[in-house]
Amino acid sequence: MAGRRTGRKDKGKKGGDDEVEEQAESFAYKILSQEQCTELMGLEVTDIQNKLCEVFKLSNHCTDLQDAATLDYYTSAVWWGKQQSFTTQQLSGFFTMVHTLFTNVKDQHMHLVDNLKEMQKMLRGIEPEYSDVKSAGMEFFNLQQAKSISEYMFTSLFQHYKLFEFMFSHTQAEEIIGTDLEIEVAKPAAMPFPPPLDEGVEESLHTSYIATPPPSPEPEVDESAKSTEPPPVEDIDAFSELTPQDVLEVVESVTKDLMSGLQLDLAAKLREKENNLIQRINKVHKVADTT
């Protein structure tokens, strides 16, 4: 810390030229102005995205994958800087670093190792141990903030470096989708036609499937067939011609049919009981013989 104070005093002695050079080398307000940083610090993440879209003219981010990735990365960087409670100067300097490293991938197609060296150069001179170490323009950060920035750059950019290289080196395929819409317009009201858009379908479909069909004509009835009626059926008493003997024979035949089935059932049950009794007697004899 003492060495840094000594360096600042020496720079003050050299005059105004060195101060102009120090201001020119500072990373603050190179990409985002002080007014823009102040405005961004008071916005929510959705408003930050809209503001950055306006600043960097990324109007095609809804269809262009490269613009969408760029806007997303810039938005996340500003939001992270806001969460770290950076000042407007620190936020602007941090965004200058983010913009430079991201542009090296997007436009310069710089290799991973070379871009890491660029980040190392940018962080040089933050709280130096020796007074002769020249600041790269980020002297308004402390060591703890520099470590946090390095970790953020590794996790957000360098960890996905191959993915960014692939995206910014290949052309996005374009697909054009068209839709034709045919609308049937109602005929003029002066013509005999249902009210405009009465059903919203074609007339042929309305007539075939929706409109109520006319009533069907009643079938013609032949008068001669209508007047013809079947002859009346005479009441016949079947029991009036039966003799007592006939009735007796009928009763006997019905009784025989009923009793024959009943007799068979009784005989089967008797045989079953007889078999059960014989089995029990045989068991008793076997037990007696064994004793």
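Note: the structure precedes this text.
Being a predicted model, the structure only gives us computed values, none of them experimental.

A. Structural view of the packing of helix α6 (residues 88–106) against helix α9 (residues 161–169). One can describe the packing of α6 onto α9 by two numbers: an axis separation of 9 Å at closest approach and a directional angle of 55 degrees. The angle between the axes of α6 and α9 places the two elements in the oblique class. Residues Phe102, Val105 and Lys106 of α6 form the contact with α9, whose participating residues are Tyr161, Phe164, Glu165 and Phe168. Each residue belonging to the contact of α6 with α9 can be placed in one class, and the counts come to 5 nonpolar, no polar and 2 charged.

B. Structural context of the environment of Ser156. Tracing the chain through its elements places Ser156 in helix α8 (residues 143–156). Expressed as a C-alpha distance, the spacing of Ser156 and Tyr73, which sit 83 residues apart in the sequence, is 8.2 Å. Excluding residues that lie within four positions of it along the chain, Ser156 makes contacts with Tyr73 and Phe164. A polar side-chain atom of Ser156 sits 3.1 Å from a polar atom in the side chain of Tyr73.

C. Examining the pattern of salt bridges more closely. Per the stated rule, a full pass over the model turns up 2 salt bridges. Of the charged contacts, one joins Lys51 and Glu39 as a salt bridge, the two residues approaching to 3.3 Å between their closest N and O atoms. Of this pair, Lys51 sits in helix α4 (residues 45–55) while Glu39 sits in helix α3 (residues 34–41), and the two are 12 residues apart along the sequence. Judged by relative accessible area, Glu39 falls into the partly exposed class, the value being 37%. The closest approach of N and O atoms between Glu165 and Lys162, which form a salt bridge, is 4.0 Å. With Glu165 and Lys162 both in helix α9, this residue pair falls 3 residues apart, about one helical turn. Note on Glu165: relative accessible area 23%, which makes it partly exposed.

D. Spatial organisation of the side chain of Ser92. With respect to the helices and strands, the residue Ser92 is situated in helix α6. The class of Ser92 is buried, set by a relative accessible area of 0%. For Ser92, the side chain forms a polar contact with the main-chain oxygen of Leu32, separated by 2.9 Å. Residue contacts for Ser92: discarding those within four places in its chain leaves Phe27, Ala28, Tyr29, Lys30, Leu32 and Cys37.

E. Layout of the packing of helix α5 (residues 65–83) against α8. Two elements in contact, α5 and α8, have axes whose closest approach is 12 Å; the angle formed by their N-to-C orientations is 155 degrees. Regarding the angle of α5 to α8, the classification is roughly antiparallel. Here α5 runs over α8; the crossing is right-handed. Contacts between α5 and α8 pair Tyr73, Ser76, Ala77 and Trp80 from the former with Ser148, Ile149, Tyr152, Met153 and Ser156 from the latter. Taken together, the residues of the contact of α5 with α8 break down into 6 nonpolar, 3 polar and no charged.

F. Spotlight on the packing of aromatic side chains. Throughout the structure, instances matching the rule amount to 18 aromatic pairs. With centroids separated by 6.3 Å and ring planes inclined at 10 degrees, the aromatic side chains of Phe164 and Phe168 adopt a geometry described as stacked. Within this pair, Phe164 and its partner Phe168 are both found in helix α9, separated by 4 residues, close to a single helical turn. For Phe164, a relative accessible area of 11% puts it in the buried group. By relative accessible area, which is 6% here, Phe168 ends up buried. By the ring-pair criterion, three or more aromatic residues cluster together here, those being Phe56, Tyr73, Tyr74, Phe95, Phe102, Phe164 and Phe168.

Rules and cut-offs
Residues numbered from 1 in each chain as written. Predicted model: local features only at pLDDT ≥ 70, side-chain atom pairs only at ≥ 80, totals over all residues. Heavy atoms only, no water. Axes fitted to C-alpha atoms, helices over the stretch in contact; angles between N-to-C directions. Helix = DSSP H or I, 4+ residues; strand = E, 2+ residues; numbered from the N terminus. Parallel < 35°, antiparallel > 145°, perpendicular 65-115°, else oblique. Contact = heavy atoms within 4.5 Å. Nonpolar A, V, L, I, M, F, W, Y, C, P; charged D, E, K, R; others polar. Polar contact = N/O pair within 3.5 Å; in protein donor to acceptor, adjacent residues only side chain to side chain. Salt bridge = Lys/Arg side-chain N within 4 Å of Asp/Glu carboxyl O. Buried < 20%, exposed > 50% of the residue type's maximum accessible area, 1.4 Å probe, protein only. Left-handed = near helix turned anticlockwise from the far one by under 90°. Phe/Tyr/Trp six-rings, centres within 6.5 Å; stacked < 30°, edge-to-face > 60°.

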